[in-house]
Amino acid sequence: MENLKEQVAKLLDEIEFSYNINEERQLFYFDVVTERADVSVNICYDEENQCLYNFSCLTFNLPEERKAALLCKINEIHNSSSSAAHLYLDNDGNRLSAQTVMYVPSGEVDKEVFKYLLSAPANMLEEYFDEIMKVAFGHGEADIQAAK
């Protein structure tokens, strides 16, 4: 049976994603362009614990002074969402991130579950982008895009 790294590479190749690998950090990384924002995707493979982690984030930082309001908005989103992805603000510059985890106790990565692991964080960042940007910057998407 192939290890997790080999399986992830094969699946990403099948769905035609262009990616890089950081062997030292055990991760695949690439960017995804959504309708509203660019998302950096990091798929970490943990062979020892048989897990895959998707840590995805927006490619820009949110204002630190809006952190409390942003955390309240994230809590509101979690209370109304049934997504497997989890939003959070990272500690490196207040960047909006989303993550999912996939346990692979059998050692074999299911293609459909992997697609969900891959898409859920970017979809969540895309779905709630406007709401979060209004809290972060106090204006609409057009103004945010112009400020980038």
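Rules and cut-offs
Residues numbered from 1 in each chain as written. Predicted model: local features only at pLDDT ≥ 70, side-chain atom pairs only at ≥ 80, totals over all residues. Heavy atoms only, no water. Helix = DSSP H or I, 4+ residues; strand = E, 2+ residues; numbered from the N terminus. Rg over C-alpha atoms; globule rule 2.2 N^0.38 Å. Buried < 20%, exposed > 50% of the residue type's maximum accessible area, 1.4 Å probe, protein only. Contact = heavy atoms within 4.5 Å. Areas by Shrake-Rupley, 256 points an atom, 1.4 Å probe, with all protein chains shown as cover. pLDDT = per-residue confidence, 0-100. Pairing = 2+ DSSP bridges. Axes fitted to C-alpha atoms, helices over the stretch in contact; angles between N-to-C directions. Expected span 1.5 Å × (residues − 1). Arc of directions from axis to C-beta.

(A) The overall build of the protein, seen in detail. When you go through the protein residue by residue, the secondary structure sums to five helices and six strands. For the protein, the α and β elements follow one another from N to C terminus as α-β-β-β-β-α-β-β-α-α-α. By the compact-globule yardstick of 15 Å for 148 residues, the protein fits well, its C-alpha radius of gyration being 16 Å. Evaluated residue by residue, the protein yields a buried proportion of 41% over its 148 residues. Considering only contacts within the protein whose residues lie at least 6 apart along the sequence, 54% involve residues at least 24 apart. Total accessible area on the protein is roughly 8200 Å²; 45% of this is exposed by carbon and sulfur atoms.

(B) Layout of the confidence of the model for the protein. Of the residues in the protein, 93% have a pLDDT of 70 or more, and the chain-wide mean is 90. Taken element by element, the predicted model of the protein shows its lowest mean pLDDT in helix H5 (residues 141–147) (48) and its highest in strand E1 (residues 20–22) (97).

(C) Main features of the pairing of strand E2 (residues 27–33). Both E1 and E2 contribute to a ladder of three bridges, which runs antiparallel. By the bridge assignment for E2, Asn-22 is matched with Leu-27. Taken together, E1 and the strand that follows it, E2, pair antiparallel across an intervening segment of four residues, in which Gln-26 is found at a positive phi of about 55 degrees. Relative to strand E3 (residues 38–46), E2 runs antiparallel, the two sharing seven bridges. If you follow Asp-31 over to E3, its bridge partner there is Ser-40. Where E2 folds back on E3, the antiparallel hairpin that results is connected by four residues.

(D) The arrangement of the sheet that holds E2 in detail. Judged by pairing direction, the sheet is antiparallel, and its six strands sit side by side in the order E1-E2-E3-E4-E6-E5 without closing on themselves. What marks the edges here is a single partner per strand, and that holds for E1 and strand E5 (86–89). Within this sheet the neighbouring strands show an average axis-to-axis angle of 25 degrees, counted without direction. Bridge count between E5 and strand E6 (residues 95–103): four bridges; the pairing is antiparallel.

(E) Spotlight on helix H2 (residues 67–80). Helix length check: H2, at 14 residues, gives a terminal C-alpha distance of 20 Å against a target of 20 Å (1.5 Å per residue), a fit within 8%. Residues of H2 that are buried: Leu-70, Lys-73, Ile-74 and Ile-77. Angularly, the buried residues of H2 cover 100 degrees about the axis, an arc narrow enough to put them on a single face. Seen from the buried face of H2, the exposed residues on the opposite side, beyond 90 degrees, are Ala-68, Cys-72 and Asn-79.

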